[in-house]
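# Coordinate inspection notes
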Amino acid sequence: MERLQPPITDSEFIIELIPQKNPFVMVDTLHHFSEHKIVSGLTVKSENLFCVDALFLEPGLIENMAQTVAMHKGYTYYLKNEPAPVGYIGAIKKAEIFELPKLGSELVTTVTILHDIMGVTLVEAKVECGERVIATSEIKTALA
């Protein structure tokens, strides 16, 4: 795995890796990258669309996992000096939310690529806050 030291936190660069744009960006750091794994980060801020009553809501956690998948594809293409393709979520399975993070929380999302065949990618995702796993899912994405 390629460890990024220091992690990439340049918001303009991060936004170039994903198809979403502000205010719908749910990732702000790229911690680790390899062919089959990526680790992203997100600091929960009050201006986030999914932060309500000082809590980051379920749709935000799902979108954070999905954008981490998109970031993997975007960084892969960045390394090849090619524009990142646009994709979409095909299915979300086994999504479990165990806890909603609070305002100011630092989320770390790990996505492991299980299969990537003909533009369809199946991943396992988990979101951690501190030492706790707060959300998991399986997500299937496809290139547009």
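Owing to the predicted nature of the structure, the values given are computational and were not obtained by experimental measurement.

## A few points about the overall build of the protein
Along the protein, the regular secondary structure elements total two helices and nine strands. If you line up the protein on its principal axes, its C-alpha atoms span 40 × 30 × 25 Å. Sorting the 144 residues of the protein into buried and exposed places 44% on the buried side. Sequence separation of 24 or more characterises 63% of the internal contacts of the protein that already satisfy a separation of 6 or more. On the protein, roughly 7800 Å² of surface is accessible, and the fraction owed to carbon and sulfur atoms is 54%. A gap of 5 Å separates the mean positions of the 12 positive and 19 negative side-chain charges of the protein.

## Thoughts on the layout of surface pockets
Its boundaries defined by the atoms lining it, the largest pocket holds a volume of some 460 Å³. What lines the largest pocket is a set of 29 residues, among which V69, A70, K73, T141 and L143 lie closest to the centre. At the level of secondary structure, the elements contributing two or more residues to the lining of the largest pocket comprise α2 (58–79), β6 (87–97), β7 (106–117) and β9 (132–143). Of the residues belonging to the lining of the largest pocket, the class tally is 14 nonpolar, ten polar and five charged. Roughly 340 Å³ of internal volume is contained in the second largest pocket. Contributions of two or more residues to the lining of the second largest pocket are made by α1 (11–17) and β3 (37–43). It is α1 that contributes the most residues to the lining of the second largest pocket, three residues altogether. Looking at the lining of the second largest pocket residue by residue, the classes come out as nine nonpolar, five polar and three charged.

## Thoughts on the pattern of salt bridges
Scanning the model with the defined rule gives four salt bridges in all. In this structure, E138 engages K93 in a salt bridge whose closest nitrogen and oxygen atoms are separated by 3.8 Å. Of this pair, E138 sits in strand β9 while K93 sits in strand β6, and the two are 45 residues apart along the sequence. Residue classification places E138 among the buried positions, given a relative accessible area of 12%.

## Some points on the pairing of strand β2 (residues 29–34)
Counting buried positions along β2 yields five of six residues, so the element is predominantly enclosed. In terms of strand pairing, β2 meets β3 through five bridges, oriented antiparallel. When the bridges of β3 are listed, H32 appears paired with V39. Taking the residues that link successive antiparallel strands as the turn, the β2-β3 hairpin has two residues.

Cut-offs used in this document
- Residues numbered from 1 in each chain as written.
- Predicted model: local features only at pLDDT ≥ 70, side-chain atom pairs only at ≥ 80, totals over all residues.
- Heavy atoms only, no water.
- Helix = DSSP H or I, 4+ residues; strand = E, 2+ residues; numbered from the N terminus.
- Buried < 20%, exposed > 50% of the residue type's maximum accessible area, 1.4 Å probe, protein only.
- Contact = heavy atoms within 4.5 Å.
- Areas by Shrake-Rupley, 256 points an atom, 1.4 Å probe, with all protein chains shown as cover.
- Lys, Arg positive; Asp, Glu negative; His and termini not counted.
- Charge placed at Lys NZ, Arg CZ, Asp CG, Glu CD.
- 1 Å grid on protein atoms, 1.4 Å probe; cavity = no way out; pocket = protein on both sides within 12 Å on 5 of 7 lines; lining within 4 Å.
- Points joined across faces, edges and corners; volume = space filled by probe spheres on them.
- Nonpolar A, V, L, I, M, F, W, Y, C, P; charged D, E, K, R; others polar.
- Salt bridge = Lys/Arg side-chain N within 4 Å of Asp/Glu carboxyl O.
- Pairing = 2+ DSSP bridges.

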